[in-house]
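Each chain is listed here by its residues.
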Amino acid sequence: MNQASYEIERLVRFGVSCGLVGRLDAIIARNTLLDLFGLSEPYTGPLPQESPDTPAEILTALSALGGKMGLYDADVHALRVNFEARIMGVFMPRESEVCAEFERLRKEQGIRAATDYFYQLCIVSNYIRTADIARNIKWGYASPYGNMENTINLTKPEKDPKTIALERNQPAAGYPKCMLCLENIGYGGRVNFPARQTHRVVPVTLAGEPWYLQYSPYVYYNEHCIVFGARHEPMKIDHNTFVRLFDFVRQFPHYTCGSNADLPIVGGSILSHNHFQGGNYAFPMQSATAQQRYHSDAFAEITIQRIHWPVSTIRCIGQNIHQLIDFADLLLNAWRSYSDESVDIIAYSGTKGEQVAHNTVTPILHYTQQDGYVLDLVPRNNATSAAYPDGIFHPHQDLHHIKKENIGLIEVMGLAILPSRLKEQSAQIADVLCGALAAEEAKRALPVHRAWIDELCARYGTALAPPTAEEVLQKEIGAKFARCLEDAGVFKQTAAGAAACDRFMASIGCKPVVG
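Residues numbered from 1 in each chain as written. Predicted model: local features only at pLDDT ≥ 70, side-chain atom pairs only at ≥ 80, totals over all residues. Heavy atoms only, no water.

A. Geometry of the sheet that holds strand 1 (residues 137–143). Pairing is mixed across the open sheet formed by three strands, whose spatial order is 1-2-15. In this open sheet, the two strands that pair with only one neighbour each are strand 1 and strand 15 (415–418). This sheet shows a mean twist of 25 degrees between the axes of neighbouring strands, independent of strand direction. On the sheet, helix 15 (residues 466–488) packs against strand 1, strand 2 (146–152) and strand 15 and is oriented at approximately 70 degrees with respect to strand 1. (Pairing = 2+ DSSP bridges. Helix = DSSP H or I, 4+ residues; strand = E, 2+ residues; numbered from the N terminus. Axes fitted to C-alpha atoms, helices over the stretch in contact; angles between N-to-C directions. Contact = heavy atoms within 4.5 Å.)

So, in structure tokens, the structure goes:
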């Protein structure tokens, strides 16, 4: 029996059973894969009784065989992922077919049916890599602000020296311009750019402009989607941002949608292409309670609040979309030039001729039947100082042993995306708290955590049971993430911070409601 032809037949049967291909298209898929693997005829023997939810296990077997046959360099993880996308691309419907089916379902059964179809397509095609995502470590943390969520991201392994060398030797390429451009559909990939044969998008009109909806291959939450503009234009937070957000949530009322900020340090990882992120998910931030209500005669039809959340946030609620957008415009435009040096908020630095702007906003929108539209506006500032060279409102250096990356949209909403190194590092520290590893040995191996190890040993000792030690580490990492968010907040969770927020709100005509 030829193992490759056997695995191909299993995959073809999977494609038929989940609706990726019909009976006639299955013939084409089979022949295309036989050609890829250099085989002249298919396997015709018995197949196992199975009904997998995804093709991941079959793809693992096929990619291993392909590596042995020299169809790609099996020592390079990125090329294995690209090879698997090439295999599954054989089963994918054309982009126009996906768009037509999405639109048919939207008209006949509603938008939820349309997104259900599209999301499931992304799963069964292995575009959403559920097997890799399942490796992530997740837990909750009961913070003073409510329950927060923590994820140690294990979906993308550390790059090995061979991969780094291959990337360095890659010729410069400008196609696609970035990982969000429309031209990614069907792209074959390279060692430093993911293959996208299984990538599909659906068109969405926002504020009269062409945008597109896709799902993230490495979803951090249910139906983690990305909505991107047709043009390759930089991130920009302005009036049009708010109009587009409301237009999207109006069309997709079961989705939360937000935008990363448009400045370095406080923005996301891709600032070069205007986009939003969202999904069918209730984020921890959405459960935050009102800390202070404000009143404005100009906005009598909406509720305005400061919420109890570590990253200072102004929430406005109501059904009147025009008032909500007008308020967002007012707050953004005022915040762009607002300074309060008593709390280290500096709107601009540099000379008059070459001023650098530091203020922007992270906007987040969702809809509820009870309240209507809920718009969270998070003032951000990316100024640096001698004391905080990485950012005054960025996780401070004493937290960098846990997280030093930007606090972007997803983290702002209370979902920590933590580096993969923490899996092994926290396991070693847990061994210290159990007495299985000497603290000094751990500190030599993990110098970045030296002070933290001393602190944990002083607090908990070194005789904990392993399950207790694991719980302790998760709780302490959760507390550190909450502090990361507090550092990112421009108005601190103190009396002075509340007063500073009230001063800003007064500058836009909003007075605190007493009682």
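There's plenty left to go through after this.
B. Region of the structure containing the side chain of Asn-136. You can see Asn-136 is positioned in the loop between helix 7 (130–133) and strand 1. Within polar-contact distance, the side chain of Asn-136 engages the backbone nitrogen of Leu-154 at 2.7 Å. Polar side-chain contacts of Asn-136 include one of 3.4 Å to the backbone nitrogen of Thr-155. Residue contacts for Asn-136: discarding those within four places in its chain leaves Thr-151, Ile-152, Asn-153, Leu-154 and Thr-155. (Polar contact = N/O pair within 3.5 Å; in protein donor to acceptor, adjacent residues only side chain to side chain.)

C. Highlighting the sheet that holds strand 13 (residues 359–368). Taken in spatial order, the 11 strands line up as 3-4-5-7-6-13-14-10-9-8-16 in an open sheet, and their pairing is antiparallel. Looking at which strands have only one partner, the edges of the open sheet turn out to be strand 3 (202–206) and strand 16 (511–512). Where strand 8 (residues 290–295) meets strand 9 (residues 303–307), four bridges bridge the pair, whose relative direction is antiparallel. Bridging from a neighbouring strand, Gln-292 pairs with Arg-306 of strand 9. Against the sheet, helix 6 (residues 111–124) contacts strand 3 and strand 4 (209–215), and its axis sits at roughly 50 degrees relative to strand 4.

D. The arrangement of helix 5 (residues 95–109) in detail. An ideal rise of 1.5 Å per residue puts 21 Å on 15 residues; helix 5 measures up with 21 Å between its terminal C-alpha atoms. Of all the positions in helix 5, only Val-98, Cys-99, Phe-102 and Leu-105 are classed as buried. Considered in projection along helix 5, the buried side chains sweep an arc of 135 degrees and stay on one side of the axis. Across helix 5 from its buried face, at more than 90 degrees, point the exposed residues Ser-96, Lys-107 and Glu-108. Check the buried side of helix 5 and you find it contacts helix 6 and strand 3. Immediately downstream of helix 5, the backbone of Gly-110 shows phi near 105 degrees, a positive value. (Expected span 1.5 Å × (residues − 1). Buried < 20%, exposed > 50% of the residue type's maximum accessible area, 1.4 Å probe, protein only. Arc of directions from axis to C-beta.)

E. Quick peek at the environment of Arg-190. Among the structural elements, Arg-190 can be located in the loop between helix 8 (161–168) and strand 3. Given a relative accessible area of 16%, Arg-190 falls into the buried group. It is 22 Å that separates the C-alpha atoms of Arg-190 and Gly-38, two residues lying 152 residues apart in sequence. Filtering out sequence-adjacent residues up to four positions away, Arg-190 remains in contact with Asn-82, Gln-170, Ala-173, Tyr-175 and Pro-176.

F. Representation of the packing of aromatic side chains within the structure. Within this structure, the stated rule accounts for 24 aromatic pairs. Each ring, one from Phe-102 and one from Phe-118, has its centre 6.2 Å from the other, and the planes form 80 degrees; the classification is edge-to-face. Taken as a pair, Phe-102 in helix 5 and Phe-118 in helix 6 lie far apart in primary sequence, 16 residues in all. With centroids separated by 5.1 Å and ring planes inclined at 25 degrees, the aromatic side chains of Trp-211 and Phe-276 adopt a geometry described as stacked. Within this pair, whereas Trp-211 is found in strand 4, its partner Phe-276 is found in strand 7 (residues 275–279), the two being separated by 65 residues in sequence. Trp-211 sits in the buried class, given a relative accessible area of 3%. One aromatic cluster is present, built from ring pairs that chain together Phe-102, Phe-118, Tyr-119 and Tyr-215. (Phe/Tyr/Trp six-rings, centres within 6.5 Å; stacked < 30°, edge-to-face > 60°.)

G. Spatial organisation of the environment of Ala-261. Tracing the backbone through its elements, the reader meets Ala-261 in the loop between strand 6 (256–258) and strand 7. Classification of Ala-261 as buried rests on a relative accessible area of 0%. Expressed as a C-alpha distance, the spacing of Ala-261 and Gly-497, which sit 236 residues apart in the sequence, is 22 Å. In contact with Ala-261, not counting residues within four places along its chain, are Met-235, Ile-237, Val-266, Gly-267, Gly-268, Leu-271, Thr-360, Val-361, Thr-362 and Arg-380.

H. Structural context of the pattern of salt bridges. Counted by the stated rule, this structure contains 27 salt bridges. Among the ionic pairs, Arg-250 bridges to Asp-247, the shortest N-O distance being 2.4 Å. With a gap of three residues between them, Arg-250 and Asp-247 both fall in helix 9 (residues 239–251), about one helical turn apart. Note on Arg-250: relative accessible area 47%, which makes it partly exposed. Put simply, Glu-405 and Lys-403 hold a salt bridge, and the shortest N to O gap is 3.7 Å. Lys-403 sits in the buried class, given a relative accessible area of 2%. Salt bridges here are not isolated pairs; linked through shared partners, they connect Glu-7, Arg-10, Arg-13, Glu-50 and Glu-57. (Salt bridge = Lys/Arg side-chain N within 4 Å of Asp/Glu carboxyl O.)

I. Here's a closer look at the packing of helix 1 (residues 3–17) against helix 2 (residues 23–36). At their nearest, the axes of helix 1 and helix 2 sit 10 Å apart, and the two run at 150 degrees to each other. Taken as axis vectors, helix 1 and helix 2 run roughly antiparallel relative to one another. Between helix 1 and helix 2 the crossing geometry is right-handed. Along the contact surface, helix 1 presents Ile-8, Glu-9, Leu-11, Val-12 and Val-16, while helix 2 presents Ala-26, Arg-30, Leu-33 and Leu-34. Residue composition of the contact of helix 1 with helix 2, by class: seven nonpolar, no polar and two charged. (Parallel < 35°, antiparallel > 145°, perpendicular 65-115°, else oblique. Left-handed = near helix turned anticlockwise from the far one by under 90°. Nonpolar A, V, L, I, M, F, W, Y, C, P; charged D, E, K, R; others polar.)

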